[in-house]
Amino acid sequence: MSKRDTPPSSELVSAAQALDAELLRFEALAEQLKEAPLTSEKQLERASKTLKDLADLDDALRMRVGALVQAITGVRNRQQAQADAVNVRAQELQQRTEVFKDLLTRYGALGQSAADLNGRMQEFAALRQQATRTAEEDARLTEVFTSLQARMAEVADEAATLSTAAEEAKFADIGRQAESLRQQLLSARNKLGLLHQSLGK
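Here the structure is a predicted model, which is why all the values come from computation and not from measurement. (Residues numbered from 1 in each chain as written. Predicted model: local features only at pLDDT ≥ 70, side-chain atom pairs only at ≥ 80, totals over all residues. Heavy atoms only, no water.)

## So, unusual backbone geometry
And step 1. We note that K170 has phi near 65°; this positive angle belongs to a residue other than glycine.
And step 2. By the element assignment, K170 lies in the loop between α3 (135-168) and α4 (172-199).
And step 3. What makes K170 exposed here is its relative accessible area of 69%. (Helix = DSSP H or I, 4+ residues; strand = E, 2+ residues; numbered from the N terminus. Buried < 20%, exposed > 50% of the residue type's maximum accessible area, 1.4 Å probe, protein only.)

Now the structure itself:
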């Protein structure tokens, strides 16, 4: 990675590096002062200057420490803001999951209702295919037809309600599947009506 591609240092890293550099200078001067001979005027003057430099560096170190503490506080605040955002998103995820599970459960119940209707349609078809029927069997056929028509309309309405709920909740897949089931039910109901009409002919 070239220097041009190197990302800029963060405020925290910059503050820590600046503090570290000042600390190294302070330690070097402190060692220099401890080891400096004090046997001549020039050495005393040099040691006094080093001591003044150390005092100045001590002030600079306090400023660097303050800058680092401020940078740490900024990082902590950023982390807290991200944690709060993650928590909000986690709650949203939980809510969305619950909504999805509820929609899926309702769609599963619709599928079971459709399967039950299919069984009853087979019963109707079996009764209708009988070459000769007694009056009692004709009455049973009409009873099954009426019940089927009502139940198909009821389940189709349930599918429409589910489709609307899914679309409003922005779960388009379930919405489309529920609408497709509704269309299938209405189509089957229309065909059933035509079959029943043909009985009287």
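## Let's talk about helix α1 (residues 11-35)
And step 1. The terminal C-alpha atoms of α1, which comprises 25 residues, lie 36 Å apart, in line with the 36 Å expected from a rise of 1.5 Å per residue.
And step 2. Turning to α1, its buried residues are A15, L19, E22 and L29.
And step 3. Each element contacted by the buried residues of α1 is listed here: α2 (41-128). (Expected span 1.5 Å × (residues − 1). Contact = heavy atoms within 4.5 Å.)

## Brief notes about the packing of α2 against α3
And step 1. Running from amino to carboxyl end, α2 crosses α3 at an angle of 160°, the nearest separation of the two axes being 10 Å. By the criterion of interaxial angle, the relationship of α2 to α3 is roughly antiparallel. Every pair of crossing elements has a handedness; the one defined by α2 and α3 is left-handed.
And step 2. Among the residues forming the contact of α2 with α3, the class breakdown is 17 nonpolar, three polar and seven charged. (Axes fitted to C-alpha atoms, helices over the stretch in contact; angles between N-to-C directions. Parallel < 35°, antiparallel > 145°, perpendicular 65-115°, else oblique. Left-handed = near helix turned anticlockwise from the far one by under 90°. Nonpolar A, V, L, I, M, F, W, Y, C, P; charged D, E, K, R; others polar.)

So yeah, pure geometry; function would need other evidence.
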